[in-house]
Amino acid sequence: MFNRLKKLIEYIKKLNLSIDKYKESTIIQSLPTVAYVNRAKKCLEENNLIEAETILLEALNLSEKDPLVYKYLGTVYDKKNEHSKAVEAYKKSAQICYTDKTIWQKLGFAQLACNDFEEAEKSFENADKISPANSDTFTGWGMTLMKQKKYEDAREKFVTASRINKYNFTSIFLAAVCEIKIGAHKDAEAKLTFLANVCPNETNTYEFANLKFIKKDYKNAKHYAMKSLEFNKNMLPSYLLLGKLYTVELDRDKALEMYSTAAKRELNNSNLYTEWGKSLLKFTNFDEAENKFVKALEYDGENSESMAYLALTRMLKHNDDEVLIQMAQDGGADSIIIDLIMAVREYNNGNYDGAAALFRKIETEDFEFLTTYFMAKINEVKKNKSKAVDFYEKSMNLNPYFLKCGLDYTRFLIADNEYSEAQRKLRKIVKIYDKDLEVLNLQFFVSYTLVKENVCEYNIKEAITLAEKIIQISDSGFEYHKEKEELENLLKNFKESE
């Protein structure tokens, strides 16, 4: 008897507990939808979304006044990534039960996912009015402001969120991102240093690397970008950052390897091909750069940055694409790149004064090698020798890969009979372009001329060796067979005279 009584008491306790849970799960206790909601919750726990949706839609046939039905229906749609449906469900729940903070939070995040940022902002504000000082509310609120590029206001919300909950690492991270945007680098570095020590992952280590890149601390930028890839080999932003880092350092092979690796990992999107194209443009491989920008636009036909860089590349190849330039401008492309396009256009059209005025006002570290090159060409036309030399020197030093600049500078020196200086420039160029026939032929011609001016056995042999190197690369590509024969005869006579 005692055992039976004990079991009965336990049964009653369980029944009471079940009833309490029902009470917690619904506001309108009289509605018959309670059982449906709890069945749906069970399905949600098992990730059986289709069954959960079916049950909740059946519940609506019984009553359209239970906020929990809409609340969990919204949860189902969120999990199915049907965020617009989730928004509608949460709105209906909030209309019935205005004082449920969680519904307003969920509505805010769903609106955020739908890019409805202003409405999301209002939802998080309502959540805060109902239940103040909630860390998740302020995190979501900050996200809405961040998406609207209100970085200072967003930062304030994220900082508040992290004060409420010091373990809200998401809010700490996002506050740091906002601080980078507004130039508060010292504050951002403190937060990212903390995160790198406490909870390092691919995202915050990447952002730390990006901050180091902005501060031109390239060594540490590479360290943290590589560390980010250790966490996640498919972290595309890290590959792009490393590509930019190696481009700044003029390490062409490593820079292009980063983009190629990302492509092999099928991390293809418009950003990958845009950054790839920009690096190729820096290394003055205009044909390949053009191909990458075209590829970028295949992924995102409205990417104004890709349009602008494609228009610039084509302008550098004397292909003035007016339609593309206008589309880039209308899309809000970087004004510096647009100004650079216009300046090159003026130069191509022979308006050297207008071009010079535009080039002088353009401030860009990335493409200073171009502005200085064109200023050299303009001063060459205007017979300002010393200025032309200064601009040529600067362009070559900024970007030794700029072959056209090197060749034009060399020819400028040759025209001024400065063969020894031309030879020094060619020796620098040939370190990179050691098999370029145009460079090698010009180098031979300069060497041949200097030999003629100062005949000595060593110089003759050096010039002949260079000629033989060119012939090994391409016999038909060697342009000075007659001059080579002349040198060989000189060497023969030189030896006979000894």
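Residues numbered from 1 in each chain as written. Predicted model: local features only at pLDDT ≥ 70, side-chain atom pairs only at ≥ 80, totals over all residues. Heavy atoms only, no water.

S.K.: Explain the overall build of the protein chain to me, please; I cannot follow it from the model alone.
M.R.: Scanning the protein chain for helices and strands turns up 28 helices and 0 strands. On C-alpha atoms alone, the protein chain measures out to a radius of gyration of 34 Å, which is more than a quarter above the 23 Å that the 2.2 N^0.38 rule sets for 498 residues. For the protein chain, the spread of C-alpha atoms along the principal axes amounts to about 135 × 55 × 40 Å. Here the protein chain holds 498 residues, and 47% of them are scored as buried. Sequence-distant contacts in the protein chain: of pairs separated by 6 or more residues, those separated by 24 or more amount to 51%. Carbon and sulfur atoms make up 48% of the accessible area of the protein chain, which amounts to about 26,000 Å² in all. (Helix = DSSP H or I, 4+ residues; strand = E, 2+ residues; numbered from the N terminus. Rg over C-alpha atoms; globule rule 2.2 N^0.38 Å. Buried < 20%, exposed > 50% of the residue type's maximum accessible area, 1.4 Å probe, protein only. Contact = heavy atoms within 4.5 Å. Areas by Shrake-Rupley, 256 points an atom, 1.4 Å probe, with all protein chains shown as cover.)

S.K.: Explanation requested: the pattern of salt bridges in the structure shown.
M.R.: Side chains that carry opposite charge are capable of pairing whenever their charged atoms lie near each other. Enumeration according to the criterion identifies 38 salt bridges in this entry. Linking Glu393 and Lys425 is a salt bridge whose minimum nitrogen-to-oxygen distance equals 2.6 Å. Remark: Lys425 occurs in helix α25 (residues 419-430) and Glu393 occurs in helix α23 (residues 385-398); sequence separation between them is 32 residues. By relative accessible area, Lys425 is classed as buried at 8%. A salt bridge links Lys425 to Glu421; the shortest N-O distance between them is 3.2 Å. Here Glu421 and Lys425 lie together in helix α25, a separation of 4 residues that amounts to about one turn. Here the salt bridges share partners, and the residues they tie into one network are Glu152, Arg155, Glu179, Asp187 and Lys191. (Salt bridge = Lys/Arg side-chain N within 4 Å of Asp/Glu carboxyl O.)

S.K.: Even after reading the chapter, I still don't get the environment of Lys42, so can you show me in this structure?
M.R.: For Lys42, the position within the fold is in helix α2 (residues 34-45). C-alpha of Lys42 to C-alpha of Asn232: the two residues are 190 residues apart in sequence and 34 Å apart in space.

S.K.: For this particular structure, what's the right way to read helix α12 (residues 202-214)?
M.R.: Residues lying three or four places apart along an α-helix face the same way, a consequence of the helix completing one turn every 3.6 residues. For α12, which comprises 13 residues, the first-to-last C-alpha distance of 18 Å matches the rise-based estimate of 18 Å (1.5 Å per residue) to within 8%. Counting buried residues in α12 gives 10 out of 13 residues, a clear majority hidden from the surface. If you follow the buried residues of α12, they end up packed against α10 (169-182), α11 (185-198), α13 (218-231) and α14 (236-248). The N-capping residue of α12, defined by a side-chain oxygen 3.0 Å from the backbone nitrogen of Thr203, is Asn201. Looking one or two residues beyond α12, the residue adopting positive phi is Lys216, at roughly 65°. (Expected span 1.5 Å × (residues − 1). Polar contact = N/O pair within 3.5 Å; in protein donor to acceptor, adjacent residues only side chain to side chain.)

S.K.: What's the story with the packing of aromatic side chains in this structure? I'm lost.
M.R.: Note on aromatic pairs: each is described by the distance of the centres and the angle between the planes. A complete count under the given rule lists 27 aromatic pairs for this structure. Ring centres of Tyr98 and Trp104 lie 5.2 Å apart, and the angle between their planes is 70°; on these two criteria the pair is classed as edge-to-face. By relative accessible area, Trp104 is classed as buried at 10%. Pairing Phe478 with Tyr480 gives two aromatic rings, centres 6.5 Å apart and planes at 70°, and the pair type is edge-to-face. Across the pair, Tyr480 and Phe478 agree in class, each one buried. Through pairs of rings, three or more aromatic residues link up here, namely Phe293, Tyr309, Tyr347, Tyr352, Phe359, Phe367, Phe369, Tyr373, Phe374 and Phe402. Sitting over the face of the ring of Trp141, Lys157 holds its NZ or CZ atom 3.8 Å from the ring centroid. (Phe/Tyr/Trp six-rings, centres within 6.5 Å; stacked < 30°, edge-to-face > 60°. Lys NZ or Arg CZ within 6 Å of the ring centre and 35° of its normal.)

S.K.: What is the right way to read unusual backbone geometry from this model?
M.R.: Excluding glycine, a negative phi dihedral is what most residues carry, and trans is how most peptide bonds are arranged. You will see that Asn47, though not glycine, has its phi angle at about 60°, which is positive. Positionally, Asn47 belongs in the loop between α2 and α3 (49-62). Look at Glu266: it is not a glycine, yet its phi comes out positive at around 60°. Mapped onto the elements of the fold, Glu266 is located in the loop between α15 (252-264) and α16 (270-282). Judged by its relative accessible area of 66%, Glu266 falls in the exposed class.

No statement about biological role is implied by the geometric values presented.
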